[in-house]
Amino acid sequence: MIPVVLASENPRGAEKWLALIQQHFPDLQAHIFSPDAGGPRTDVRAAIVWRPPAALFERYPALDLVFNMGAGVDAILRQPGMRESARIIRLEDAGLANTMIEYVVYYVSSITRGFAAYEQHKAERRWQPEIHEPVQAWPVGVMGTGVIGARIANTLSQLGYRVSGWSRSGKPIDGVTGYAGQEQLGAFLAASRILINVLPLTDATRNILDRQLLSQLPAGAVLINIGRGEHLVEEALIPLLDSGQLSRAVLDVTRTEPLPADHPFWMHPAITLTPHISGPTNHLLALAQIRAKLNDAMQGKPITGEVTRSNGY
């Protein structure tokens, strides 16, 4: 039996994990973190978490394997008290990529085909086909070409879109034009009529979607943000939409979630909002991936998905 502590910002989430573990992975001796459970425990080396509280690392000072129940690890890296030697392991897919691809294809195709016009036609009882540009006229740029970003870029390329990918390292992707580093960012933006952000949140990427960057896109460009709310400088967005520099923004993430009812994004006609649902984690697939990696780690075998703290991902 391998002791594992579960900790989530949503207690119901941890309860769901526990039920799945008990049903499918009985060799894991899992329990849910409680801040009122008493003094430190040094017998637990592994944790499965999502936005864990700082008290977790105070109560379990021996944690050296921290598995994140999602792709973004920024919330863990901000927590004090975690051992410097602790290894943070992120999910590499576990169903995330497929659902995010569905989300992106839905919104990209609805934009490039002008499907919103047909909703208006229906309301007016008007049978009228619209002229639409071919997909080749809608070059797409994907910011962040990790596991998920690369699959999004590859899928759009297979649908006929001209796709570019930008990352710090410029990882090559079949059918995708690669750009790397700050020196190639301007050329990447100029080639992106639709910009899709899938970057991890780090000190280097926080506020990256600001007025200066978004102004380098072609006039009338579209922004799709499925990364993190803190990537976008929110006060820059509406002026860019009102000026025509951007024609539309699709936001699955915001700085404050839930988005406050009085936030101006709710009322702007060119902004589409979804409540952080582009990539819901399939908990059973995620736990199966975590269980396999935990087993390998306990046997001293190499595992993939380990976070490099200096990079933030």
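Above this text is the structure in question.
Residues numbered from 1 in each chain as written. Predicted model: local features only at pLDDT ≥ 70, side-chain atom pairs only at ≥ 80, totals over all residues. Heavy atoms only, no water.

(A) The overall build of the chain, seen in detail. A tally of regular secondary structure across the chain gives ten helices and twelve strands. The C-alpha radius of gyration of the chain comes to 21 Å, within 12% of the 20 Å expected for a compact globule of 313 residues. When the backbone C-alpha atoms are referred to their principal axes, the chain occupies close to 65 × 40 × 35 Å. Residue pairs in contact within the chain that sit at least 24 positions apart in sequence constitute 62% of those at least 6 positions apart. Surface accessibility of the chain: about 15,200 Å² in total, with carbon and sulfur atoms responsible for 53%. (Helix = DSSP H or I, 4+ residues; strand = E, 2+ residues; numbered from the N terminus. Rg over C-alpha atoms; globule rule 2.2 N^0.38 Å. Contact = heavy atoms within 4.5 Å. Areas by Shrake-Rupley, 256 points an atom, 1.4 Å probe, with all protein chains shown as cover.)

(B) Structural context of the nonpolar core. Counting residues in each nonpolar core, the largest one holds 28 residues, and the members touching the most others are Val108, Ile152, Leu156, Ile194, Ile196, Ile224 and Ile226. Elements with a contribution of two residues or more to this core: α4 (96–112), β6 (140–143), α6 (147–158), β9 (194–197) and β10 (221–225). In terms of residue count, α4 provides more of this core than any other element does, nine residues in total. Not counting residues up to four positions away in its chain, the partners in contact with Ile194 are Val108, Thr112, Trp138, Pro139, Val140, Gly141, Val222 and Ile224. (Core = buried A, V, L, I, M, F, W, Y, C linked by side-chain atoms within 4.5 Å. Buried < 20%, exposed > 50% of the residue type's maximum accessible area, 1.4 Å probe, protein only.)

(C) Spotlight on the packing of aromatic side chains. This structure, assessed with the given rule, holds four aromatic pairs. Ring centres 6.3 Å apart and planes at 65° place the aromatic pair Phe33 and Tyr60 in the edge-to-face group. Highlighted residues: Phe33 in the loop between β2 (28–32) and β3 (46–50) and Tyr60 in the loop between α2 (55–59) and β4 (65–68), separated in sequence by 27 residues. By relative accessible area, which is 12% here, Phe33 ends up buried. Ring geometry for Tyr103 against Tyr107: centres 4.9 Å apart, planes inclined by 55°, an arrangement best described as tilted. Residue Tyr103 and its partner Tyr107 are located together in helix α4, separated by four residues, close to a single helical turn. Here Tyr103 matches Tyr107 in class, with each residue buried. Taken together, the ring pairs in this structure connect Tyr103, Tyr106 and Tyr107 into an aromatic cluster. Its end group placed over the ring of Trp138, Arg193 keeps NZ or CZ at 3.5 Å from the ring centre. (Phe/Tyr/Trp six-rings, centres within 6.5 Å; stacked < 30°, edge-to-face > 60°. Lys NZ or Arg CZ within 6 Å of the ring centre and 35° of its normal.)

Function cannot be inferred from these measures alone, as they are strictly geometric.
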